[in-house]
Amino acid sequence: MFLRDNTVFVPVKDPNLSKEKTPMPAQPPEQRIANYDEVALGYTEELAAAESARCLKCPARYCSETCPAHVPTTEFIAKVRAGDYQAAYELISEKNALPAITGRVCAQEKQCELNCTRGIRGESVSIGRLEAFVADWHAAHGKPLPCAAKNGIPVAVAGSGPAGLACADDLSRAGYDVTLFEAKDFMGGIPVYGIPGFVLPNAIVDRKLAELRAQGVGMKVGVKVGTDITVEELCSQYKAVFVATGASKPVLPGIPGETLPGVYTANEYLTAANVAHTPIPGKRVLVIGGGNTAIDAARCAIRSGSEQVTIVYRRSEAEMPARREEIAHAAEEGAALQLMAAPAEFTATDGVLSGLVCRRTVLTAPDYPGGRNGIAVTEEQFTLEADVAVLALGFTAEPIPGLKTNDKGCIVVDRDTLAASQDGAYAGGDAVTGANTLVHAMAAGKRAAAVIQERLG
């Protein structure tokens, strides 16, 4: 048998030849809509063994190649199959500082699982579920990864999202005195305030933060780098500074009525539910967007007791960038999809949101090879009633004073070294690329740590 690139394939002994992934136990829909507990209940050792046996140990390693962090997928899955979970965790950790998080929320179906050989005739190996299993096992039973003795060299990391956490983790393990700065009054970034607990429990992020504190990482909250303290000041106090402030500025549709009472950005809506634990109530809720953030907001609305929750998206379901599993979970929980609809205007009654006028769209050719289909807006229009609307159209980076940025607000860096315009400052993650996947940001943080270590010796 030959693989896609004509590599000769030698199958593993006694593989699990099931064409379907080993099912993940989950809360039933009627139970989970009444709580914020994690929906996916995780693999047991028996389930992990069954799923790991579906991996064929392809020599071409397509899965690792299409993972932004290049996790040695085949190797760690082989360790899972052998029952050596500590070794599996150590292999993952060489490339991924946040496996418990990425295993739950990473877009595996568009990355590592996309080119899995098992996916040619059936479903791919469930790499994400196995990664989460290994990380959870390690948290409960595993040995801590080794840390070098402290070298007394101070490094600052601005931003406690995936990129910042990954960079702080690698540097602290290498012996550097790392201090994390966070603009909000709590650590964790988007994984805490932007992802609901039923997808990613805050306890998972808290676990990582506790690990970093045990490694000696200092943490300062309520300090906005560029405003409360300048990058130049940080560079004068620390030997290196990594800026990973993310992309959290909401994209707005630019239509009439978007500032009406009752219209919220996804940040506002999800923060109220995830951090303040006071979800914004509404009988009829519209969520505009098709990504994971939109799906998360819709599922929060269902849990807040909303009678009708509708996701409005301008393309078809096939083009939705959200994970297929999350779309399915939202449908099971009662969210409706209003597809091929472009928001045109929010309407009001007595100065308060009452509905959304939409115009029908049709799909056109992709904007670029391999991209999603474009759209054309028709003259046909209709109105959806609502008393709450959530704008989940994506995010952009906010410029950091003192650092050169491009016309999109993203920090300009040297492609090879991640060096920013201020001497001693580096940047990576969404603050540089614009909104991207969590694993891309995490990989950028690890890369920055390597660059800083090389520079500081």
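Owing to the predicted nature of the structure, the values given are computational and were not obtained by experimental measurement. (Residues numbered from 1 in each chain as written. Predicted model: local features only at pLDDT ≥ 70, side-chain atom pairs only at ≥ 80, totals over all residues. Heavy atoms only, no water.)

Draft legend 1. Spatial organisation of the sheet that holds strand S12 (residues 373-385). Ordered in space as S10-S11-S12, the three strands form an open sheet in which the pairing is antiparallel. What marks the edges here is a single partner per strand, and that holds for strand S10 (341-349) and S12. Looking at each pair of strands side by side, their axes are set apart by 15° on average, direction ignored. One ladder, built from ten bridges, connects strand S11 (residues 352-366) with S12; its direction is antiparallel. When the sheet's bridge partners are listed, Cys358 is paired in S12 with Phe382. (Pairing = 2+ DSSP bridges. Helix = DSSP H or I, 4+ residues; strand = E, 2+ residues; numbered from the N terminus. Axes fitted to C-alpha atoms, helices over the stretch in contact; angles between N-to-C directions.)

Draft legend 2. The arrangement of the sheet that holds strand S8 (residues 308-312) in detail. Read across the open sheet, the five strands follow the order S6-S13-S7-S8-S9; overall the sheet is parallel. Because the sheet does not close on itself, it has two edges, and the strands there are strand S6 (263-265) and strand S9 (336-338). Recorded for the sheet is a direction-independent mean angle of 25° between the axes of neighbouring strands. The sheet contact formed by strand S7 (residues 284-288) and strand S13 (residues 388-391) spans four bridges and is parallel. Bridged to Ile288 within S13 is Leu391. The strands touched by helix H12 (residues 266-274) within the sheet are S6 and S13, with S6 carrying the most contacts at an inclination of about 80°. (Contact = heavy atoms within 4.5 Å.)

Draft legend 3. Inspection of the packing of aromatic side chains at higher detail. For the structure on display, the rule yields five aromatic pairs. Where Tyr36 meets Phe198, the ring centres are 5.7 Å apart and the plane angle is 50°; that geometry is what we call tilted. One end of the pair, Tyr36, is in the loop between helix H1 (29-32) and helix H2 (45-52); the other, Phe198, is in the loop between helix H9 (190-193) and helix H10 (202-214), with 162 residues separating them in the sequence. Under the relative-accessibility criterion, Phe198 is labelled buried at 2%. For the ring pair Phe181 and Tyr238, a centre distance of 6.1 Å and an interplane angle of 90° mean the geometry is edge-to-face. Taken as a pair, Phe181 in strand S2 (residues 177-182) and Tyr238 in the loop between helix H11 (231-237) and strand S4 (240-243) lie far apart in primary sequence, 57 residues in all. Tyr238 shares its class with Phe181; the two are buried. Connected via pairs of aromatic rings, a cluster forms that spans Tyr85, Phe133 and Trp137. If you follow Lys184 out to its NZ or CZ, it ends over the ring of Tyr193, 4.6 Å from the centre. Directly above the ring of Phe198 sits Arg303, whose terminal nitrogen or CZ lies 3.9 Å from the centroid. (Phe/Tyr/Trp six-rings, centres within 6.5 Å; stacked < 30°, edge-to-face > 60°. Buried < 20%, exposed > 50% of the residue type's maximum accessible area, 1.4 Å probe, protein only. Lys NZ or Arg CZ within 6 Å of the ring centre and 35° of its normal.)

Nothing here speaks to function; it is geometry throughout.
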